[in-house]
Amino acid sequence: MTPSSGIWRLYLIGGIFLVLSMLIIGQMIRIQNSEHARELTDYFANTYNQQVRVISPERGNIYDRWGNLLAGNIEVYEVGISPPQVINSETIARDLSSVLEVDYEDILKAAQSYVREGNEQYFVVKDFVPSEKIQQLEEKIIEYKEMPRPNRGQPPSLVGVHWVPHLIRSYPENSLAANILGFFNFFDRQAGRGFFGLEEQYNYLLAGAKQRIVIPMNPTAIQEFPEVPPGSSLILTIDREIQAAMEAIVDQTIEESGSESVTIVVMDPETGEILAMATNPHFNPNEYNTYTEIFPPGSHFNRAVSQLYEPGSVFKVFTMAAAIDAGVVQADTPFLDTGAIEVGGIWIYNWDRGAWGPQDMTGCMQHSLNVCLAWVAKELGPTQFYQYLQNFGIGRFSGIDLAGEQVYPVSQPGDPTWYPINLGTNSFGQGVAATPIQMISGVAALANDGRMMTPHVVRAYIQDGQQYNVQPRVLRQVLKPETAEIMTEMLAYALEEEASSALVEGYRFAGKTGTGQIPGPGGYTSSLTNASFVGWGPVDDPKFIIYVWLEKPQTSQWGSVVAAPVFQKAASELVVLMKLPPDEIRRQFANP
Amino acid sequence: MIQAYRQAPWRVQLQWIGAFLLILVTVMLIAGVYLFVSAQAASAGTRIQRLELQRENLNIQIADLRTQNALHNSSLIMGERAEEMGFRPATQTDIVYIQVPGYIGRSIAFLAPPPSPPVRPTGLLKPAFQQSLWEWLYQGVFQLSEIQGGRQ
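Reading the values: rules and limits
- Residues numbered from 1 in each chain as written.
- Chains lettered and ligands numbered in written order.
- Predicted model: local features only at pLDDT ≥ 70, side-chain atom pairs only at ≥ 80, totals over all residues.
- Buried ≥ 20, exposed ≤ 12 C-beta atoms within 10 Å, placed from the backbone.
- Helix = DSSP H or I, 4+ residues; strand = E, 2+ residues; numbered from the N terminus.
- Pairing = 2+ DSSP bridges.
- Axes fitted to C-alpha atoms, helices over the stretch in contact; angles between N-to-C directions.
- Domains from an automatic or database assignment.
- Contact = placed C-beta atoms within 7 Å.
- Nonpolar A, V, L, I, M, F, W, Y, C, P; charged D, E, K, R; others polar.
- Core = buried A, V, L, I, M, F, W, Y, C linked by C-beta atoms within 7 Å.

**Some details on helix H13 (residues 316-325) of chain A**
All names here are of chain A. Within H13, 10 of the 10 residues are buried, leaving the element largely enclosed by the surrounding structure. Listed in full, the buried residues belonging to H13 are Lys316, Val317, Phe318, Thr319, Met320, Ala321, Ala322, Ala323, Ile324 and Asp325. Positive backbone phi, approximately 80°, marks Gly327, located one or two places after H13.

**Some words on the sheet that holds strand S11 (residues 273-278) of chain A**
All names here are of chain A. Here five strands make up an open sheet; going across it, the order is S11-S10-S22-S21-S20 and the pairing antiparallel. Each edge of the sheet is formed by a strand with only one pairing partner; in this case those strands are S11 and strand S20 (510-517). For this sheet, the mean inter-axis angle between neighbouring strands, taken without regard to orientation, is 10°. Here S20 runs beside strand S21 (residues 529-537); their pairing, made up of eight bridges, is antiparallel. The residue bridging Gly514 from the neighbouring strand is Ser532, located in S21.

**Some words on the domain arrangement of chain A**
Taken domain by domain, chain A consists of domain 1 (73-170) and domain 2 (240-590). The C-alpha centroid of domain 2 of chain A is placed 59 Å from the C-alpha centroid of domain 1 of chain A.

**Notes on the interface of chain A and chain B**
Contact with chain A, which involves 38 residues of that partner, is made by 41 residues of chain B. The set of elements that each furnish at least two residues to the side of chain A that touches chain B consists of strand S3 (69-81), strand S5 (161-170), helix H10 (240-257), strand S17 (458-463), strand S18 (466-469), helix H20 (559-577) and helix H21 (583-590) of chain A. Top element by residues in the side of chain A that touches chain B is S3 of chain A. It accounts for five residues. In terms of residue class, the side of chain A that touches chain B is built from 20 nonpolar, 10 polar and eight charged.

**Topic: the nonpolar core**
All names here are of chain A. Membership of the largest hydrophobic core comes to 159 residues, with the highest contact counts inside it found for Ile264, Val266, Phe509 and Val548. It is H20 that provides the largest number of residues to this core, a total of nine residues. Each of two domains, domain 1 (73-170) and domain 2 (240-590), supplies a minimum of three residues to this core. Ignoring any residue separated from it by four or fewer positions in sequence, one finds Ile264 in contact with Met246, Ile249, Val250, Ala276, Ala278, Ile546, Val548 and Ala570.

**Concerning unusual backbone geometry**
Residues and elements named next belong to chain A. The linkage connecting Asn280 with the following residue, Pro281, adopts the cis geometry, with an omega of 0°. Look at the link from Gly537 to Pro538: it is a cis peptide, with omega at -10°. Within the fold, Pro538 resides in the loop between S21 and strand S22 (544-551). Its identity is not glycine, yet Lys552 carries a phi of approximately 50°, on the positive side. Secondary-structure assignment places Lys552 in the loop between S22 and H20.

**Overview of the pairing of strand S13 (residues 340-343) of chain A**
Residue and element names in this part refer to chain A. Every second residue of S13 is oriented toward a common face, the buried set being Ile341 and Val343 and the non-buried set Ala340 and Glu342. Note: S13 against strand S14 (residues 346-349), four bridges, orientation antiparallel. Looking at S14, one finds that Ile341 is bridged to Ile348. Between S13 and S14, which pair antiparallel in sequence order, lie two residues; one of them, Gly344, sits at a positive phi of approximately 60°.

What follows is the structure, given as structure tokens:
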């Protein structure tokens, strides 16, 4: 072997190694930059380098006007098992099955899944576990820690069991004001939303905005968690004590009158604030899954805003107010009641089919004479009559901030469903339908110098730590202030003259009864009625207006018999709860 | 003559070793500082994570306690408690009205302050807790060059 051939061999070996090295390096570069490698890197980066969390803000609270909590949130837990961490699967299965009332075999299988199948996936045992149950588990952990280690086998241990707290909706007053609040389906953690009432109407405000955040697992790359503000809270116009009192009266009235339903709405006529809105059936939103049992198909969650009915004679308030405002009649305009009047070729009679002889307009309202009111409507004429009804909000949405309001359009001249007789029947509240909230909003104009306010239940809302008050909104001036005053005086006088069972000692109220027949497939043949009463006071400075509606009362069909006493009870409670002194004392205070 | 100016080989070796050790010590010092700062940052980071979690849990507890409090003060419970204590609902005849000069009545709930001008949100974490040593050095050098550039 010559030296030159040895060097050549060395060069050859060196060259081979160089080429091999280059190939290896080239392959490394190719592998590292391949699509698969990128996917793998991303996968590991996403799995182990950072955690993606969606933070749901705390749902906003709902308070009554004095700050009493009506809807809040309580802490519950999601309990799960991390199979790779499990030390003693039997203990876990035994304790979780006894405390959480879940199946022993299922838990045992999940706890042993890592040992048997290599399963590393987190297993959710139970969600919505109350804190008392978690306390029991914590006590067991302490107990096991204090126990001496056994000579053989694994010690009892709950290692591998985890619980994570989260909030769910809670209504501390249970069924109180549930028809106003609605409910939130908190068992659906991903797509929960509000249903009915405020929970539906203000769902977007109460829910707040969910935020998706990426949390780096590298502690040196720590980032500040973004502040996730809670959903907006609502402060209502509702007074908890008044609401509770009205609900108690509703229950008592149902029992006494055998009515299918009873609804009471209390409003401040000056601002349109709803102080109470009580109806039946009662529903506990904490147990919202009973909804279908309590509300069969076709029933209404909140009758005050959703159930349309023919109000009957309370509607006469609108007819008479319109006629006085238009200057067609005055309080002392005479009318000879013959007991019947023809409108559009059809005869209309009084409620008792009697003739009441010479009357004035106050007498017509006092005795609730259909014939007289039909005559008043005729004198007013359909154009003006229906224009006033529209202004009173009949056939229109009242604008209340509650979900589910219904409206029944009023047939007018020119509509295919309108006939001349409609003018006569509409004048005393038949052939026309409205909800209690639409009725009270319209009548409230009489108690507020002819100004109609938008009814509302939200007084203020709290957003980003600041309270924004909702200002009362004037819908329109329906009547002249003088008309409102005349009507109030007429209706107060009528109540006093009738010695109505609606009167409250020491206070002067204005009011009107109503008995509406219920139409069926064959017309107004049923003896069942809707009995109503609307009243407000004190007449010189009205602080509240109450609307009472009894659906199909059994003890009597007349509003004056069954609805007026309910008003009396409600008003008697209100003057105490609202701390309204009797008229005489109030005057003494005003002029000491 | 040349021999006279050459250092002894052991001296050259010593100088090399000395220079190497100096560089090594410097690198180790920097690495040590870096490790120390990184460890502190990591420790602070984990603490922040724990505190964030704690804050989240405390918010949940506050919400829960607020509702628990409302449960104990609910209309029904309060009514029952009042009845147990011998109270009954007042009626019209029970009430004596007295005029109190200046008293304007009960005002509605104010659970939060009224709206005020918007405040620019400021982060709770200082930048120092979010920077590595290199980022800090780089930023420092960058700021220095900016200042000098500005002087020119």
